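Here is what each chain is made of, one letter per residue.
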Amino acid sequence: MRVGLLSDTHGHLRPRVLELLAGCDRILHAGDVGSPEILARLGAITPGVSVGVVRGNTDGGELAALPDTATIEIDGMAIGLVHRREDIPPRWHRLMRVIGFGHSHRPELEWRGEALWINPGACGARRFRLPLTLAILTLDDGRIVPEILSVE
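My aim in this report is to walk through the structure given alongside it, one point at a time.

What counts and how
- Residues numbered from 1 in each chain as written.
- Predicted model: local features only at pLDDT ≥ 70, side-chain atom pairs only at ≥ 80, totals over all residues.
- Heavy atoms only, no water.
- Helix = DSSP H or I, 4+ residues; strand = E, 2+ residues; numbered from the N terminus.
- Rg over C-alpha atoms; globule rule 2.2 N^0.38 Å.
- Buried < 20%, exposed > 50% of the residue type's maximum accessible area, 1.4 Å probe, protein only.
- Contact = heavy atoms within 4.5 Å.
- Areas by Shrake-Rupley, 256 points an atom, 1.4 Å probe, with all protein chains shown as cover.
- Lys, Arg positive; Asp, Glu negative; His and termini not counted.
- Charge placed at Lys NZ, Arg CZ, Asp CG, Glu CD.
- Patch = residues over 30% accessible without salt bridge, like charges linked within 9 Å, V, L, I, M, F, W, Y side chains within 5 Å.
- Salt bridge = Lys/Arg side-chain N within 4 Å of Asp/Glu carboxyl O.

All right, on to the overall build of the protein then. In terms of regular secondary structure, the protein is built from three helices and 10 strands. Written out in order from the N terminus, the α and β elements of the protein read β-α-β-α-β-β-β-α-β-β-β-β-β. Its C-alpha atoms give the protein a radius of gyration of 14 Å, within 12% of the compact-globule value 15 Å for 152 residues. The dimensions of the protein, computed from C-alpha atoms along their principal axes, are 35 × 30 × 30 Å. Sorting the 152 residues of the protein into buried and exposed places 48% on the buried side. For the protein, contacts bridging at least 24 residues in sequence account for 49% of all contacts bridging at least 6. Element-wise, carbon and sulfur atoms account for 49% of the exposed surface of the protein, whose accessible area totals about 7,100 Å². One finds the centroid of the 17 positive side-chain charges in the protein at a distance of 5 Å from the centroid of its 19 negative side-chain charges.

The next subject is a negative patch on the surface. A surface patch of negative charge is lined by D25, D75, D140 and D141. Relative to the assigned elements, D140 resides in strand β9 (residues 133-140). The exposure class assigned to D140 is partly exposed, which follows from its relative accessible area of 44%.

So, in C-alpha cells, the structure goes:
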C-alpha cells in the first residue's frame, strides 16, 4: 500500500507532484490546501477513494468546513492527520502508528517508539528558502517505510 502525504500546496499543484503521487493507493493532505480544485485533482489519482484532508490555518471559504483533525485507518494502521504539530491531540501519542502534520514547510521524519511523526514539507508555491517536498509511505504487513521526496 502506497500512501502519498503532502501539505501546504497553497492553491498550487505542480505537475511533478502529480507524477510523484501517481500509483498511490491513498492520498493525505495535511492542510493549507488553498483551493477545492487541488482536492479534486488529487482525488483523480485514487478514483473512488476520498482524499484524507484537514484544514490548515490559511484554508477559508469552502475549505473552512474541513476538519481540524482526521483519523484514518489504512492497511490496519491508525493514521492521525493535523495541520500544526502543536495541535496534535495528546492521546494520539499512544494510539497512532503515523502522525502526519504540516504548517512549518520543513520536512521532518521522526520515530517515537512505534509511531512515525512526519511532516512532508511543502510542495506548493515556494516560501522561505526551504526545499519543495512531499512524502510517500509504503505500508506492508505492519511495517512503515517513509520517504521524503524532492519535488524539484
